[in-house]
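Examination of the molecular architecture
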Amino acid sequence: MFKTLLKNEKINLTLVLIYIILIVLFSFRPLWDNNEGLYADIALSMVKTSNFLIPHLDSVVYLEQPPLLYWLSALFFKLFGVFEFSARLPVLLSGIFLVVFSYLFTKKILDKFFASTVSLVLVSQICFDTSISMLMFDMVLTLFFSLAMFSFYVGYKFNSKYYKWFYVFLALAIFTKGFVALILACLILVPFIFIKKIKLKDLHLLFGVLIFAVLSIWFVIVSIKVPSFFYYYFINNQVLRFLGHMYPNDTITGPIYFYVIRLLVCDFPWSLLLIYGIYRIFRTKLYKDDFYLYMLLWFFAIFIFFSLSSGKANYYLLPAIFPIAFFATYTVKNEKLTAFYYILLFSGLALFIGSILVKLNYVSFTNSSYVEKLPLPILSFLIFVLYFTAFYKKKYLTEIIALSNIIIMFSIFMYFSSNVNDFSSKYAALWLKERMKPNTILIQYRPFWRTSSSVFYLGKNTLLLDDFNDGDLYYGMTLLKNKNEKFIKQSDLHLLLNKHNIAIISSKEDIVNYLDKQKFHYRLKRFGNKLVILINQT
């Protein structure tokens, strides 16, 4: 029995390593537009200007989040050079450390065999695989938030000195993505402290106050330098975002069951094991156990909070990834899963049949051309074979699901790689960079986020054309004394052309119609859904 467990542990950890290697390789891809382009440009601006206090995006003040992620990317730019992998390295390392510390925490609380399975379930969740290679705040937030939760429970169970580490990691989580981390921690820990009757004197509250006082220094200094920061960040970007009244509102909205659907689809089939595991824990009254209660509070606090929030995003549930992995692992280790094997088998068969129908054009998507490049029948057949093996053997379930999700992850990476120009402005920017004359003015035609990575690759600030209410730059725009320094109208193009050559990068076709109507002489080059336009002085 022990030899079998040891063998399974080695298999699990080997699969974890395979995942990490694949994710590292994918991290060398071009930066995507939207968030990655924004945050990489902010970090690069810090390196160029040595202004690490107030973040700037495309030369405009950008205070939507605290600066920790930008500082880390800027540090790696300094250490390893300015390229995509350096920008993403803080996020990649956060994901790797999350897996490592999840293993160590579970090993300390339970055992190393359970811990290796938790690590594999965690790393094989599709939401983890896509988030760890994206330059975004949420994986860094998840690392520090999870470390805070780990520290608190270890402090409760073993040694109260770990409560001090809880405050340190929670402060870092707040400094990563704001006070949502503090709110989530309170929603989890206040009920736990009350139920378990933990004495407040054991929590080292004075140390916590000191840590948060140090944390507040950046917020105080920025509030002094930018007086409107307090309202914009604390009220508009935190409170009003939750209520759905933020302006400008660039969040995704959805019904209260938004995350139920996201969990079922994006975390399949782990999501089914999660749901059944929680059901069995309540049925068997395991919630009376300290650790199971802690995991339930951790998961439901995050799930309910973001379900009630008006602003939604697929990655908001990422701080709950450890309890999700724990409940799925509990189900695999402790429950009979006869019905689940049938669900897995029929899901694999449905996926295979569906991929054939897509290939034969019996089923189509809004952007069918994107998926036509993928060998969907082959990939789905491999998944079906793996699911059938799990059904037939009735063992190695975790390992087989992990292998099938490697195929899904590989499919996602192929999907984005084969349509790279639709998701990144890198090659459009590099083509433009080779052909821009020294006196060329670079213009981005709305919306800014669709071509945001071009600023990073060009290393040149831009003017925005007809994009006065851009969500990313709106707050910085309100701080400008002269908005014409950054924002222009179509009618200004003729005046600019008197003194400068013009380069326009856009994802909107109507700019071409305007240039034709006004009889501009230009050169047009297309990169996926991106347009690059050169207008030289005559």
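All residue numbers refer to position in the chain's written sequence, counted from 1. Only residues with pLDDT of 70 or above have their local features reported here, since the model is predicted, and side-chain atom pairs are shown and tallied only from 80 upward, although totals for entire chains, interfaces and linings are computed over all residues. By convention in this description, side-chain values take in all heavy atoms of the structure and omit both hydrogens and water.

The helix and strand labels rest on DSSP assignments: H or I over at least four residues marks a helix, E over at least two residues marks a strand, and numbering proceeds from the N terminus. A count of helical and extended segments in the protein gives 25 helices and eight strands. Computed over C-alpha atoms, the radius of gyration of the protein comes to 25 Å, within 12% of the 24 Å expected from 2.2 N^0.38 for 538 residues, which places it in the range of a compact globule. Taken along its principal axes, the extent of the C-alpha atoms in the protein is 80 × 65 × 40 Å. Here the protein holds 538 residues, and the buried ones make up 55% of them. Two things to know: the radius of gyration comes from C-alpha atoms, and the globule rule equals 2.2 Å times the number of residues to the power 0.38. To sort residues, take the accessible area from a 1.4 Å probe on protein chains only and compare it with the maximum for the residue type: under 20% means buried, over 50% means exposed, and anything in between is partly exposed.

Here Thr-142 is to be found in helix H7 (residues 137-157). Residue class for Thr-142 comes out buried when judged on its relative accessible area of 0%. Polar contacts involving the side chain of Thr-142 include one to the main-chain carbonyl oxygen of Asp-138, which spans 2.6 Å. Identification of polar contacts relies on pairs of N or O atoms within 3.5 Å, with a donor-acceptor requirement for protein atoms, meaning one able to donate a hydrogen and the other able to accept it, and with residues adjacent in sequence counted only if both atoms are side-chain atoms.

Right, let's talk about the pairing of strand S7 (residues 523-527) for a bit. As defined by bridge partners, S7 adjoins strand S8 (residues 530-535) across five bridges and the pair is classed as antiparallel. Opposite Lys-525, over in S8, you have Val-532 as the bridge partner. Connecting the antiparallel pair S7 and S8 is a turn made up of two residues, with Gly-528 showing a positive phi of about 60°. Strands were regarded as paired on the criterion that DSSP finds at least two bridges between them.

Okay, a nonpolar patch on the surface next. On the surface, Ile-256, Tyr-257, Val-260, Ile-261, Leu-264, Val-265, Ile-275, Ile-304 and Leu-308 cluster together to form a nonpolar patch covering roughly 830 Å² of accessible area. At the level of elements, helix H12 (258-266) and helix H14 (290-308) are the ones that each hand at least two residues to the nonpolar patch. Like-charged residues are merged into a patch within 9 Å and nonpolar side chains (Val, Leu, Ile, Met, Phe, Trp, Tyr) within 5 Å, provided each residue has over 30% relative accessible area and no salt bridge. Reported accessibility uses the Shrake-Rupley method at a 1.4 Å probe radius. Residues are deemed covered only where the shown protein chains occlude them. The salt bridge definition used is simple: a Lys or Arg side-chain nitrogen within 4 Å of an Asp or Glu carboxyl oxygen.

Planes of paired rings set the category: under 30 degrees apart is stacked, over 60 is edge-to-face and the rest tilted, where pairs are Phe, Tyr or Trp rings (Trp by its six-membered ring) whose centres lie within 6.5 Å. All chains considered together, the criterion is met by 69 aromatic pairs. On the numbers, 5.1 Å between centres and 75° between planes, the contact of Phe-299 with Phe-300 is edge-to-face. Geometrically, the ring pair formed by Tyr-415 and Phe-423 is tilted, given 5.9 Å between the ring centres and 55° between the ring planes. Here, a charge over a ring means that NZ of Lys or CZ of Arg falls within 6 Å of the ring centre while also lying within 35 degrees of the ring normal. Taking NZ or CZ as reference, Lys-164 lies 5.6 Å from the ring centre of Phe-207, over its face.

Another point: the side chain of Ser-454. Along the chain, Ser-454 falls in helix H22 (residues 453-458). Judged by relative accessible area, Ser-454 falls into the buried class, the value being 0%. There is a polar contact of 3.4 Å between the side chain of Ser-454 and the side chain of Gln-444. Apart from residues no more than four positions distant in its own chain, Ser-454 is found in contact with Asp-33, Ser-425, Ala-429, Gln-444 and Ile-505. Here a residue-residue contact requires only that any non-hydrogen atoms of the pair lie within 4.5 Å.

Turning our attention to the packing of H14 against helix H15 (residues 321-334). Here H14 crosses H15 at 130°, and the two axes come no closer than 9 Å. On the basis of their axis angle, the class for H14 and H15 is oblique. Two packed elements cross with a definite hand, and for H14 against H15 that hand is left-handed. Of the residues in H15, those in contact with Phe-291, Tyr-292, Met-295, Leu-296, Trp-298 and Phe-299 of H14 are Phe-322, Pro-323, Ile-324, Phe-326, Phe-327 and Tyr-330. Axis lines are fitted through C-alpha atoms, for helices just across the contact stretch, and the angle between N-to-C directions can take any value from 0 to 180 degrees. In what follows, roughly perpendicular refers to angles from 65 to 115 degrees, roughly parallel to angles under 35, roughly antiparallel to angles over 145, and oblique to any angle outside these ranges. Take the far helix as your reference; a near helix turned counterclockwise from it by less than a right angle gives a left-handed crossing, and one turned clockwise gives a right-handed crossing.

Moving on, we get to the sheet that holds strand S4 (residues 463-465). Ordered in space as S5-S4-S3-S6-S8-S7, the six strands form an open sheet in which the pairing is mixed. Only two strands of the sheet have a single neighbouring strand rather than two, namely strand S5 (487-488) and S7. With three bridges connecting them, strand S3 (residues 440-445) and S4 associate as parallel partners. By the bridge assignment, Gln-444 is partnered in S4 with Leu-464. Strands in contact with helix H21 (residues 426-435) are S3, strand S6 (501-506), S7 and S8; relative to S8, the strand with the most contacts, it is inclined by about 10°. The strands that helix H25 (residues 510-517) touches are S3, S4, S6 and S8; relative to S8, the one it contacts most, it runs at about 25°.

On to the nonpolar core. By nonpolar core is meant a set of buried Ala, Val, Leu, Ile, Met, Phe, Trp, Tyr and Cys residues that side-chain atoms within 4.5 Å join together. Core analysis: the biggest nonpolar cluster contains 168 residues, and Tyr-39, Phe-128, Phe-145, Met-149, Phe-152, Phe-229 and Trp-298 have the highest contact counts within it. Excluding residues that lie within four positions of it along the chain, Phe-152 makes contacts with Tyr-163, Phe-166, Leu-189, Phe-192, Ile-193, Ile-198, Leu-203 and Tyr-294. If you look at the next biggest cluster of nonpolar residues, it comprises 19 residues, including Leu-463, Ile-511, Phe-520 and Leu-531.

We now examine the pairing of S3. The buried fraction of S3 is high, at six of six residues. Along S3, one buried face is formed by Thr-440, Leu-442 and Gln-444 and the opposite face, lined by Ile-441, Ile-443 and Tyr-445, is buried too. Looking at chain direction, S3 and S6 are connected through six bridges and run parallel. Note on S6: the bridge partner recorded for Leu-442 is Ala-503.

Quick look at the packing of helix H16 (residues 338-359) against helix H18 (residues 376-393) now. Each pair of packed helices gets described by two things: the angle between the helix axes and the distance between those axes. Closest axis-to-axis distance for the H16/H18 pair is 8 Å, and the angle between their directions is 165°. Accordingly, the angle class assigned to the pair H16 and H18 is roughly antiparallel. Where H16 crosses over H18, the handedness of that crossing is left-handed. For the pair H16 and H18, the contacting residues are Tyr-341, Tyr-342, Leu-344, Leu-345, Gly-348, Leu-349, Leu-351, Phe-352, Ser-355, Val-358 and Lys-359 in the first and Leu-376, Pro-377, Ser-380, Phe-381, Ile-383, Phe-384, Tyr-387, Phe-388, Ala-390 and Phe-391 in the second.

On to the environment of Lys-197, then. By secondary structure assignment, the location of Lys-197 is in the loop between helix H9 (180-195) and helix H10 (205-225). Judged by its relative accessible area of 70%, Lys-197 is exposed. Through-space distance from the C-alpha of Lys-197 to that of Ile-488 is 61 Å; in sequence the pair is 291 residues apart.

A helix's residues, less one, multiplied by 1.5 Å, set its expected span. With 15 residues, helix H2 (residues 35-49) extends 21 Å from end C-alpha to end C-alpha; this agrees with the ideal 21 Å at 1.5 Å per step. Counting buried positions along H2 gives 13 out of 15 residues, so the element sits mostly inside the fold. Looking at the residues trailing H2, positive phi occurs at Ser-50, about 60°.

Glancing now at unusual backbone geometry. The residue after Phe-268, namely Pro-269, is reached through a cis peptide bond having omega 0°. Position of Pro-269 relative to the elements: it lies in the loop between H12 and helix H13 (270-283). The phi dihedral of Ser-50 falls on the positive side, at around 60°, and the residue is not glycine. By relative accessible area, Ser-50 is classed as exposed at 53%. You will see that Tyr-396, though not glycine, has its phi angle at about 55°, which is positive. Turning to its location among the elements, Tyr-396 is positioned in the loop between H18 and helix H19 (397-418).

Purely spatial values, then, with no claim about function.
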